[in-house]
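Given next are the chains, with one letter for each unit.
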Amino acid sequence: MAFELPALPYDYEALQPYMSKETLEYHHDKHHKAYVDNGNKLAAEAGMGDLSVEEVVKQSFGKNAGLFNNAAQHYNHIHFWKWMKKGGGGNKLPGALQKAFDSDLGGYDKFKADFVAAGTTQFGSGWAWVSVKDGKLAISKTPNGENPLVHGASPILGVDVWEHSYYIDYRNARPKYLEAFVDSLINWDHVLELYEKAK
């Protein structure tokens, strides 16, 4: 299954003022496209061209760094675009998610503080995550393109803390970007969809 660059699920102006048209044009059209193009070339060379992106990520981890980096970033970004929407974010979570956030993460406010802290303290490039592992939600962070799939977990929410995700709009103020992501961008419906699949 060749990797394909998905269309954004909204127009390039939709996430302003929290994420600009310019950021989306660079991040989606250039960075994500490069992961797709490089990933396809490297997957074909490794004999993994027919596998799903999830399988390529799992099978290349620790064995083929170039392929893993591009495949994992492709997987991460497929969901990253869907984890945002116009008028998103805030503490009005769907019922099943609210219940899980309360029991596993200590409620919305603690989730927000811990998730922003995970993204802020990820040294250099990487991601912050909420995942389902062993039936419970957990917050984590990973370097570069690494994701919870390779640690036996199913990601249901992730935020990109590579500088190309925020530098145009926030310069070096990563915590401000992360707060805007949580307060104003998260598409809780996609988080719920992934949570229900992961359970």
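Throughout this document, residue positions are counted from 1 along each chain, in the order its sequence is written. In view of the model being predicted, local features appear only for residues whose pLDDT reaches at least 70, and side-chain atom pairs are presented and counted only at 80 or more, with totals across whole chains, interfaces and linings using the full set of residues. The basis for the side-chain values is all heavy atoms of the structure; hydrogens and waters are excluded.

1. Points about the sheet that holds strand 1 (residues 126–133)
As a general point, the strands of a sheet are linked pairwise by backbone hydrogen bonds and lie either parallel or antiparallel.
Part 1: Paired strands, as defined in this entry, are two strands with at least two bridges between them according to DSSP. Only DSSP runs of H or I covering at least 4 residues are called helices, and only runs of E covering at least 2 are called strands; the numbering of each starts at the N terminus. Here we have 3 strands laid out as an open sheet, ordered 2-1-3, and antiparallel in their pairing. Edge strands, defined here as strands with exactly one partner in the open sheet, are strand 2 (136–143) and strand 3 (154–160). Each neighbouring strand pair of the sheet contributes to a mean axis angle of 20 degrees, computed without reference to strand direction.
Part 2: Across the face of the sheet, helix 4 (residues 95–105) comes into contact with strand 1, strand 2 and strand 3 while running at roughly 75 degrees to strand 2.
Part 3: Only heavy atoms matter for contacts: two residues are in contact if any of them lie within 4.5 Å across the pair. Here an axis means a line fitted to C-alpha atoms, over the contact stretch when the element is a helix, while the angle between two N-to-C directions is reported on a 0 to 180 degree scale. Together, strand 1, strand 2 and strand 3 form the strand contacts of helix 5 (residues 108–121), whose direction differs from that of strand 2 by roughly 20 degrees.

2. Points about the environment of Lys85
Part 1: In this structure, Lys85 sits in the loop between helix 3 (65–82) and helix 4.
Part 2: Assessed through its relative accessible area of 31%, Lys85 is described here as partly exposed.
Part 3: As a C-alpha pair, Lys85 and Asp189 span 104 residues in sequence and 9.7 Å in three-dimensional space.
Part 4: Apart from the residues within four sequence positions on either side, Lys85 is in contact with Tyr10, Leu15, Ser184, Leu185, Ile186, Asn187 and Asp189. Type-normalised accessible area, obtained with a 1.4 Å probe on protein chains alone, sets the label of each residue: buried when under 20%, exposed when over 50%, and partly exposed for intermediate values.

3. Describing unusual backbone geometry
Negative phi characterises most residues that are not glycine, and trans characterises most peptide bonds.
Part 1: Between Gln16 and Pro17 the backbone carries a cis peptide bond, its omega angle lying at 5 degrees.
Part 2: Within the fold, Pro17 resides in the segment before helix 1 (21–45).
Part 3: For Asp134, which is not glycine, the phi dihedral falls at a positive 55 degrees.
Part 4: One can find Asp134 in the loop between strand 1 and strand 2.
Part 5: With a phi angle near 50 degrees, Asn144 is a residue other than glycine that sits in the positive phi range.
Part 6: Mapped onto the elements of the fold, Asn144 is located in the loop between strand 2 and strand 3.

4. Examining the UniProt feature "domain: Manganese/iron superoxide dismutase C-terminal" (unreviewed entry) in the chain
Part 1: UniProt positions are given in the numbering used here, feature names are shortened, and annotations may be inferred rather than shown by experiment. As annotated in UniProt, the feature "domain: Manganese/iron superoxide dismutase C-terminal" (unreviewed entry) corresponds to residues 95–192 in the numbering used here.
Part 2: For residues 95–192, the end-to-end C-alpha separation is 9 Å, with 46% helix and 23% strand making up the annotated structure.

5. Remarks on the packing of aromatic side chains
Part 1: Centres within 6.5 Å are what make two rings of Phe, Tyr or Trp a pair, Trp counting through its six-membered ring; a difference in plane orientation under 30 degrees is then read as stacked, over 60 as edge-to-face, and the rest as tilted. The tally for this structure, following the rule as stated, stands at 15 aromatic pairs.
Part 2: Aromatic side chains Phe80 and Trp127 sit 5.6 Å apart centroid to centroid with 90 degrees between the ring planes, which places their arrangement in the edge-to-face category. Note that Phe80 is positioned in helix 3 and Trp127 in strand 1, a separation of 47 residues in sequence. For the pair shown, Phe80 and Trp127 are each scored as buried.
Part 3: Between the aromatic rings of Tyr166 and Tyr177, the centroid separation amounts to 5.1 Å while the plane-to-plane angle is 25 degrees, which identifies the pairing as stacked.

6. Remarks on helix 4
Part 1: Where helix 4 is concerned, the buried positions are Leu97, Ala100, Phe101 and Leu105. Looking down the long axis of helix 4, one finds its buried residues gathered within 100 degrees of arc, a one-sided arrangement. Every exposed residue of helix 4 that faces more than 90 degrees away from the buried side is listed here: Gly95, Lys99 and Ser103.
Part 2: Note on helix 4: the residue one or two positions beyond its end, Gly106, has a positive phi of about 80 degrees. Here the arc refers to the directions that run from the helix axis out to each C-beta atom.

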